[in-house]
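Residues per chain are reported as follows:
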Amino acid sequence: SLRVKSPITKCSAAKQVAAIRKRSKTPGVMITQYVVNIPDGKSTPDFQCKPVPVTVQEGQLAVFKAVVTGDPKPEVSWRRAKGTVSDKDKFQSKYDESTGEHILEVMSAAETDTFKCYAVNEFGKAVCTATLSVTEGKSSSTNPSDFRKLLRKSKVEKAGGETDDRFWNAMLNADRKDYERICAEFGVADLHLVLKKLEEKKKERMQNNRLILFHSWVMFHLSVIPLCAWQDGVIPYDEDKTDKHGVKSVGRTKDFSIKGLMQKDTGLNQVDVEMEVNFLPTEFKLSNVDFVIRIQEIKAQEREDALFECVLTHPLPKITWMGKGRILEDGEKYSITMSDHKLIHRLLIRDCKQLDKGIYSAVAGITSCSAWLVVEADCDPTSAGKKKPRKTTLAGGAQIDLEKVAKEQQIKNSEEMEKILAAIKAKHQPGQLKGEKILTAGGRDGEITSVNGLGKNAGVVKNKPDAANASFICGLSDVSAIINETAELTCKLDSEDCEGAWFRDGKKVSRMGQTHHFPGHCVHQCRGLWSFWFIWFDPEDLSAFTEPVTVKVGHHAIFKLHFVGYAPIKIQWYREGEELHDDNNTKIEKSANHSRLLLSRCQRKDTGEIKIKLKNEHGFIEAISQLIALDKPTPPLGPAEVTESSVLCIEFRWRPPKDDGGSPVTNYIMERQQVGRNTWKKIGEIPGVPCYRDTDVDRGRKYCYRIRAVTAEGTSEVLETDDMQAGTLAFPGPPAPPKVVSAYDDCINLSWSSPSNTGGSRILGYILEKRKKGSNLWTVVNAMDELIKEKKYAVKDVVAGMEYEFRVTAINLSGTGEFSNPSEFVFARDPKMRPKFTNHKMKSFMVVRAGNSVRITVNFEASPRPVIMWLKDNVPVAKRATISNSDGSSQLLIPSSERSDSGIYSIVVKNLAGQETFSTEVRVTDDPKPPGPVELEENVPGTVTVIWEPSPDEKRDDRLHYTVSKLDSTKRTWTTVADRLFNNKFTVCNIMHGREYHFRVYAKNDMGISTPSESPTWGMEKKRGFVVNVPTRKDCDLRCAPTFIVPLKLHTAPRGYECYMSCAVKGNPKPHITWYRNHISINTNTNYYISDTYGVCSMLILRVGLKDMGEYTITAENALGRAECSTVLSVRGEKEKHLHLNLKDRSEKAY
């Protein structure tokens, strides 16, 4: 045969029959392929799930299961190494169609063996093996032949007779018919004496093996008392104080350790915390655990780390890891760890090499699982011998959240425990304490074969306020230990401030420093129960006790509660915090496990809280109930208060009884007597509301009433009221004249106040009337059957524009009262409201690029609806502007703006109450065009005059100005020498001879800056001489009338800011400058700073206010004429009233 690793063998003789062996994906399975080429869709057999090794005790059932795959479907057979499986009584082979499992059952395992499972079809076969391990079981046979074998095996040359322990063991376990034979073998002659001693030993044995086992694996919330340890019902101690048992508490974990463990220390051990749980038993034996998640095959590269992980069904402090047949220890090569809850165990193999590949196993008790570690060679030859960066490889396939699986397993274990406890509790009545029996037969010394029992569960035991409501989060587990080694018992609580007591077989372990000791050094036949002891109430009994006890007055009340606790226990009963003692009406019964309180002939005053308190040396516990003593109610409380007294009725009220007797008042019984008569009239029962309205009364007569309260327990004594008089006819007085709240075209809202004189009865409503101006006819606004309940009304039956007056009258039980005086006349029309603008963020100046849209939106309030008009420069806007008006807003829209659309836009909102105007300046512009050609002149040495042609946009944009920059040949950067120039020339000073200069002129406006216009280069060599050509002087007349070469501009300044106005004027002789505000001279006003420097006239207002708004005019006057220029100053941020004036220049007005 040819052995290859590839699933298909490259064979030169393809037609030959081949036997090809290949490895399965399932570790431990060998596949033999019969043919070289397998048809499409067909496959050789393989094991999807192979049989796992099984370990059972001798005589028990062993089961192997396997799941196979292959096409066609393979046939499965079983074989074993030590014989055949043909005996149907011992071996049974089955197939489960629902799960697809092939099952082999070994009915009674007798010896260790190896089993093989074969899966065969026409294309090949698959084989895997599984081992059966048989451990020695506990013998329970009482067949005399077994004892004969035991005696022969012992090979006793000299019989010990009655003093031989083997003799008594044989007698105790043998039938009665074998007594004579056993006595003869041991040389015992006095059979009668032996039988007498045998009966005593049987009684002694039964007494020693009978244990009280409180088996309550539950977790109730309890308070905790000091913790100590017990074993076999005795407090272990040793006079030499050698460390034997250690109790330690770390946070919520309680640990109990047994050092130098002997066989006498075996047995059941329990931890008891005084909470709502009693005992958590544990036995020194091997825990029967299984795997929830088994370890999986890992493929790792060389120099990488490999990690095996598994999850157990029950917590185990340690499992055994094996690799290639040897036990692995924690060290540099292998790291063995486990989780805090001891369910997840991990094996980390560091720095994997080819020598590490093989099968690795995890052994937990008698259960194990195995998986392959495949180490693949490094494909990179350059990295040979070099260690790669550390990388951990996990099992392939979908990654499983092990912590989640472990958490689910913990919950599952807890649920199973609760089910067991519920089943145990259902079998026994509360309060019972049953002794437990340990059954042993033929086992090894110190070994317990069976433990059964039930403990009485108790309620809440308080110790400390901060230690209340503690509970077990991890109970005791069974422990297996080696003689002379240390054994440790551990439990965890959910509170760190807990103390408790350790018990062994119900007896407290003494505390000697930090260690605990046991008396004696018995090595054999020492069994025991360890427990963590506490006291508690039964939950169901406690729940029944806390239910209130209700009795009638004069009857007896009984309170009874069972408990379990560590004696001595002090029992105290309290009522409303006061301790109760035996007397004529109080009897208290006390016993070891319950207490009873009897209250005789209870009275209403006995109602209140009943509390029982149990206390011992470790702490105390309380339970609270309520006692309710029912009695008839006390009389209703007076005096009665009259709420209404009229000719039609008497209405009054009273207070409920001070004590309703423990039952709510359901009804009141009413009686009435007319004053002056001796008879009482029964009115009947009314609902349990403490008020009554009597409508069967005569005007002016007096009445008296009797009232009794009715409950489920009886009727109270009577409450008799004072005399009450029915009213006489008294009409209400006139209300105050109605006031007009608001008036509209279709509605007038009125309000009024109630009359000062109500006539002695309540006001039922009002009647409102109206009358038109000039008419004598009053008409009712509301009908008589539709009284106005409130003191306001909206009159909607009005005609717009008409004038009305109104009056109102009140109605009480006697009838209609007087009418009020008429109200003032009011028009039925919408109220007048002067228009006002509501949008305070409107802009008074805006710049728009040519071609973009102009949108101005104004919000306002006005009543009646106003007339809206839009103006541009005091002229109605052109048709190309779209205007949209609504009730509270108006919008002007120019879809595509042009430069000609620049100007001041104003909106005028006008109605009957007045008008309001708002203006905003809109400037439509674009990036300016550059100035024309630039020329340079030297009029004065050391200076250069820069002259340029104006930009084409200068005439269309009055805000356009110029900026001049200079570049010196000795420098590399341009320097701005002038800005905001409104003329076309500028003289540059400090020009040095021998240097070259370049000049640039820019045009600027509100939108941006133009490209520069370059000047020719200015500069020349130093001249040797300076020649001045003085022209011939001609006489000329330089006088001229004043003219404004730079006019004033419109100004809008925020309130509180400064405002600067300037203009330029020329004239010869120098003209006299005068400033005016609203045609009043301000030259001498100190609030304005006025200057005139070389024809530049300026005025500065430091803080602009409302008083500064208006028209400003400047006049220039000399002998040859007079010139004038005006502008308008607006203040932004206040309600403004803009003046719209003709701003055309009034210049050159000559005299």
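No experiment lies behind these values; they were computed from the predicted model shown.

Participant: Could you clarify how one ought to interpret the side chain of Asp957 in this entry?
Facilitator: Turning to its location among the elements, Asp957 is positioned in the loop between strand E72 (944–948) and strand E73 (961–968). Here Asp957 falls in the buried class, since its relative accessible area comes to 2%. A polar contact is formed between the side chain of Asp957 and the backbone nitrogen of Arg959, at a distance of 3.1 Å. When near neighbours in sequence (up to four residues on either side) are disregarded, Asp957 contacts Arg923, Thr925 and Asn1005.

Participant: What is the right way to read the packing of helix H2 (residues 165–173) against helix H3 (residues 179–186) from this model?
Facilitator: At a minimum axis distance of 10 Å, the contact between H2 and H3 shows a crossing angle of 170°. Between H2 and H3, the angle is such that the two are roughly antiparallel. Counted together, Arg166, Phe167, Ala170 and Met171 of H2 and Tyr179, Ile182, Cys183 and Phe186 of H3 form the full contact between these two elements. In the contact of H2 with H3, the residues fall into seven nonpolar, no polar and one charged.

Participant: Explain the sheet that holds strand E74 (residues 975–981) to me, please; I cannot follow it from the model alone.
Facilitator: The four strands are arranged E74-E73-E76-E77 in an open sheet whose pairing can be described as antiparallel. At either end of the open sheet lies a strand with only one pairing partner, and these are E74 and strand E77 (1013–1014). As paired strands, strand E76 (residues 997–1004) and E77 are joined by two bridges and run antiparallel to one another. Considered in E77, the bridge of Arg1000 is made with Glu1014.

Participant: Just to check I follow, could you spell out a nonpolar patch on the surface for this structure?
Facilitator: Residues Leu61, Val63 and Met107 make up a contiguous nonpolar surface patch of about 210 Å² in total accessible area. Structurally, the position occupied by Met107 is in the loop between strand E9 (101–106) and strand E10 (113–121). The class of Met107 is partly exposed, set by a relative accessible area of 31%.

Participant: Quick question: what am I supposed to make of the pairing of strand E41 (residues 586–590) here?
Facilitator: For a regular strand, the rule is simple: side chains alternate between the two faces of the sheet. Where E41 meets strand E42 (residues 594–599), five bridges bridge the pair, whose relative direction is antiparallel. In the strand pairing of E42, Lys590 is matched with Ser595. What sits between E41 and E42 in their antiparallel hairpin is a turn of three residues.

Participant: Even after reading the chapter, I still don't get the environment of Asn585, so can you show me in this structure?
Facilitator: Looking at the secondary structure, you find Asn585 in the loop between strand E40 (578–579) and E41. Between the C-alpha atoms of Asn585 and Arg601, which are 16 residues apart in sequence, the distance is 6.8 Å. Polar side-chain contacts of Asn585 include one of 2.7 Å to the side chain of Arg601.

Participant: What should I look at first to understand the pattern of salt bridges in this one?
Facilitator: Where charged atoms of side chains with opposite charge meet at close range, the side chains can pair. Within the structure shown, the criterion is met by 42 salt bridges. Measuring nitrogen to oxygen at the nearest pair gives 2.8 Å for the salt bridge that ties Arg346 to Glu309. Placement of the pair is Arg346 in strand E24 (residues 344–349) and Glu309 in strand E20 (residues 305–312), with a sequence separation of 37 residues. Residue Arg346 is classed as partly exposed on the basis of its relative accessible area, which comes to 21%. As a salt-bridge pair, Arg596 and Glu589 come within 2.9 Å of each other at their nearest N and O atoms. Taken together, the salt bridges that share partners define one network made up of Glu921, Arg923, Asp957, Asp958, Arg959 and Asp1006.

Participant: Explanation requested: the nonpolar core in the structure shown.
Facilitator: Buried together is how nonpolar side chains tend to be arranged in soluble globular proteins. Formed by 24 residues in total, the largest nonpolar core has its most connected members in Phe308, Ile319, Trp321, Leu347, Ile349, Tyr360 and Leu373. For this core, the secondary structure elements donating two or more residues are strand E19 (298–301), E20, E24, strand E25 (358–364) and strand E26 (367–376).

Participant: Please explain the pairing of E76 as it appears in this structure.
Facilitator: Where E73 and E76 come together, eight bridges link them in antiparallel fashion. Opposite Val964, over in E76, you have Val1001 as the bridge partner.

Participant: Where do I start with the sheet that holds strand E83 (residues 1089–1093) in this structure?
Facilitator: Strand pairs in the sheet, formed through backbone hydrogen bonds, run parallel or antiparallel to each other. Strand order in the open sheet formed by four strands is E78-E80-E84-E83, with antiparallel pairing between adjacent strands. Whereas interior strands pair on both sides, the edge strands pair on one side only; in this sheet they are strand E78 (1040–1046) and E83. Each strand of the sheet is rotated relative to its neighbour by a mean of 25°, with strand direction disregarded.

Participant: Where do I start with helix H6 (residues 539–546) in this structure?
Facilitator: Because the α-helix completes a turn every 3.6 residues, residues three or four places apart line up on one side. All buried positions along H6 are accounted for by Asp541, Leu542 and Phe545. Buried residues of H6, viewed axially, fall in a sector of 100°; they line one side. Facing away from the buried side of H6 by over 90 degrees, the exposed positions are Glu540 and Ala544. Buried residues along H6 sit against strand E36 (536–537), strand E38 (557–564), strand E39 (570–575), strand E43 (608–616) and strand E44 (619–630).

Participant: Help me understand the side chain of Ser1098 in this model?
Facilitator: Considering the arrangement of structural elements, one finds Ser1098 in strand E84 (residues 1096–1101). A distance of 2.5 Å separates a polar atom in the side chain of Ser1098 from a polar atom in the side chain of Ser1091.

Participant: Could you clarify how one ought to interpret unusual backbone geometry in this entry?
Facilitator: With the exception of glycine, most residues fall at negative phi, and the peptide bonds are largely trans. That bond from Asp71 to Pro72 is cis: its omega, 0°, falls within 30 degrees of zero. Along the chain, Pro72 turns up in the loop between strand E6 (62–71) and strand E7 (75–80). The residue after Gly638, namely Pro639, is reached through a cis peptide bond having omega 0°. With respect to the element layout, Pro639 can be found in strand E45 (residues 637–645). Phi is positive for Arg303, close to 75°, though the residue is something other than glycine. Taking the relative accessible area as the measure of exposure, Arg303 reaches 24% and is therefore partly exposed. Positive phi, normally seen in glycine, also occurs at Lys342, with a value near 65°. Among the secondary structure elements, Lys342 is positioned in the loop between strand E23 (334–338) and E24. For Lys342, a relative accessible area of 30% translates into the label partly exposed.

Quick notes on the rules
- Residues numbered from 1 in each chain as written.
- Predicted model: local features only at pLDDT ≥ 70, side-chain atom pairs only at ≥ 80, totals over all residues.
- Heavy atoms only, no water.
- Helix = DSSP H or I, 4+ residues; strand = E, 2+ residues; numbered from the N terminus.
- Buried < 20%, exposed > 50% of the residue type's maximum accessible area, 1.4 Å probe, protein only.
- Polar contact = N/O pair within 3.5 Å; in protein donor to acceptor, adjacent residues only side chain to side chain.
- Contact = heavy atoms within 4.5 Å.
- Axes fitted to C-alpha atoms, helices over the stretch in contact; angles between N-to-C directions.
- Parallel < 35°, antiparallel > 145°, perpendicular 65-115°, else oblique.
- Nonpolar A, V, L, I, M, F, W, Y, C, P; charged D, E, K, R; others polar.
- Pairing = 2+ DSSP bridges.
- Patch = residues over 30% accessible without salt bridge, like charges linked within 9 Å, V, L, I, M, F, W, Y side chains within 5 Å.
- Areas by Shrake-Rupley, 256 points an atom, 1.4 Å probe, with all protein chains shown as cover.
- Salt bridge = Lys/Arg side-chain N within 4 Å of Asp/Glu carboxyl O.
- Core = buried A, V, L, I, M, F, W, Y, C linked by side-chain atoms within 4.5 Å.
- Arc of directions from axis to C-beta.

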